[in-house]
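This is what each chain is made of:
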Amino acid sequence: MEVSLNEIGEIITGNTPSKSDTNFWNSPDICFIKPDVIAEDEITELLDSNEYISENARNKARIVNENSILVTCIGSIAKIGIVKIRECAFNQQINAIIPNKNIDTKYLCYCLQNSKVKLKAIANAPVVPIINKKQFGEFVVKIDGDISTQKKIVNRLDYIQSVITLYKIQLQKFDDLIKARFIEMFGRPFINNLKWESKQIKNVVNEVKYGTSKPSVENGEYKYLRMNNLTYDGRFDLTDLKFISLDNDELEKCVVRKGDVLFNRTNSLDLIGKTADFDFDEDMVIAGYIIRIRLKETIVPKFFSMYMNTDEVKLHLRTIAKGAVNQANINAQELQGIPIYIPPIELQKQFADFVRQVDKSREEVKRSLEKTQQLYDSLMQEYFG
């Protein structure tokens, strides 16, 4: 049946005790929850916080007990947390739901998670999205079955979610293994503790070119790679892909082929410099925010991209980037001035072979993750859609 949130629990909007009164904030007595401790894409179990209020602020705060649900309703909409401590306070960007006894708390969390898109749609301010208490209380959700049935649904979804989490941990471990192997074989960038020959990038490239500024078109001839198609860990995400058509003269300036390396020159400061070696057999085209790098034979593309994705080089890129936080930039000249060590080519090839072997196992886990995620999404739609 469809019911409003007001019908299935008490709604409370948070607040913030006065920051100017030090007696309210001088001891860690009560956890104070803000949106930044609630995850974006999963239900967060709230076990602690990064800010606290004192007992003196109890009467000035909004406090809820264990198993209450917190939902962000200003700015970042519909992040969901479930309180797993005895009590906590929370700020005005959050609405709490204290579910009635005939509603399983985790079941309602899953229900709200499935309603994220609808919740975001009712946020009524274009600059800072907001859902007020009245809107939130009137929001309609689908609740079926008695509490026993709800608990069975929760147990099934919890199990599938635990499998998804396990697969994600495995993927992260594969990435960590590759990073650790790189440092073991070649040492840390800039420090160059293994004393390899060192040059600037301009000395190891044959060509550095910017992509095209032309817009994508429907039914274009070539796949059109933009900055969102490069991931932070040096891979490709082709789920949101555009297409483009170019004449032959312009095509050669911005086409990418197997063996090229792509560098994201313009992005937010946190994402600037995403780098990936292009290992597809199919030619594609890059947008203007990406630089195409063609290397000399002394550098293996996989080695180069991994070097550029090390923590040390990423920090250096953020240091040299110019512009605002939302639009930082590194031009081709600045890129080519970055130092890079040059281990023996055979050692680089050994590393590339190691990555290929790890990636085979990684792809198997990724496929399993995708199938499990599809099952989870299907069940969420069945139970709450």
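Take the overall build of the chain next. Scanning the chain for helices and strands turns up ten helices and 23 strands. Principal-axis analysis of the C-alpha atoms gives the chain an extent of 70 × 50 × 40 Å. Within the chain, the proportion of its 385 residues that are buried is 46%. Counting only contacts in the chain whose residues sit at least 6 apart along the sequence, the fraction spanning at least 24 positions is 76%. In the form shown here, the chain has an accessible surface area of approximately 19700 Å², with 49% of it arising from carbon and sulfur atoms. Separation between the mean location of the 52 positive side-chain charges and that of the 53 negative ones in the chain comes to 2 Å.

Here we take up helix 2 (residues 105-114). The buried fraction of helix 2 amounts to nine of the ten residues, a majority that puts the element mostly inside the structure. Residues Thr105, Lys106, Tyr107, Leu108, Cys109, Tyr110, Cys111, Leu112 and Gln113 constitute the buried set of helix 2. The backbone nitrogen of Lys106 lies 3.2 Å from a side-chain oxygen of the residue at the head of helix 2, namely Asp104.

Okay, the packing of helix 7 (residues 301-308) against helix 10 (residues 345-384) next. Interaxial distance between helix 7 and helix 10 falls to 8 Å at its minimum, and their mutual angle equals 80°. By the criterion of interaxial angle, the relationship of helix 7 to helix 10 is roughly perpendicular. Listed contacts from helix 10 to Lys302, Phe303 and Met306 of helix 7 are Gln348, Phe351, Ala352, Val355 and Asp359. Split by residue class, the contact of helix 7 with helix 10 holds five nonpolar, one polar and two charged.

Within the secondary structure, Thr22 is located in the loop between strand 2 (9-13) and strand 3 (30-33). Overall, Thr22 belongs to the exposed group, its relative accessible area being 57%. As for Thr22 and Ser54, which are separated by 32 residues in sequence, their C-alpha atoms are 9.3 Å apart.

About the thresholds
Residues numbered from 1 in each chain as written. Predicted model: local features only at pLDDT ≥ 70, side-chain atom pairs only at ≥ 80, totals over all residues. Heavy atoms only, no water. Helix = DSSP H or I, 4+ residues; strand = E, 2+ residues; numbered from the N terminus. Buried < 20%, exposed > 50% of the residue type's maximum accessible area, 1.4 Å probe, protein only. Contact = heavy atoms within 4.5 Å. Areas by Shrake-Rupley, 256 points an atom, 1.4 Å probe, with all protein chains shown as cover. Lys, Arg positive; Asp, Glu negative; His and termini not counted. Charge placed at Lys NZ, Arg CZ, Asp CG, Glu CD. Polar contact = N/O pair within 3.5 Å; in protein donor to acceptor, adjacent residues only side chain to side chain. Axes fitted to C-alpha atoms, helices over the stretch in contact; angles between N-to-C directions. Parallel < 35°, antiparallel > 145°, perpendicular 65-115°, else oblique. Nonpolar A, V, L, I, M, F, W, Y, C, P; charged D, E, K, R; others polar.

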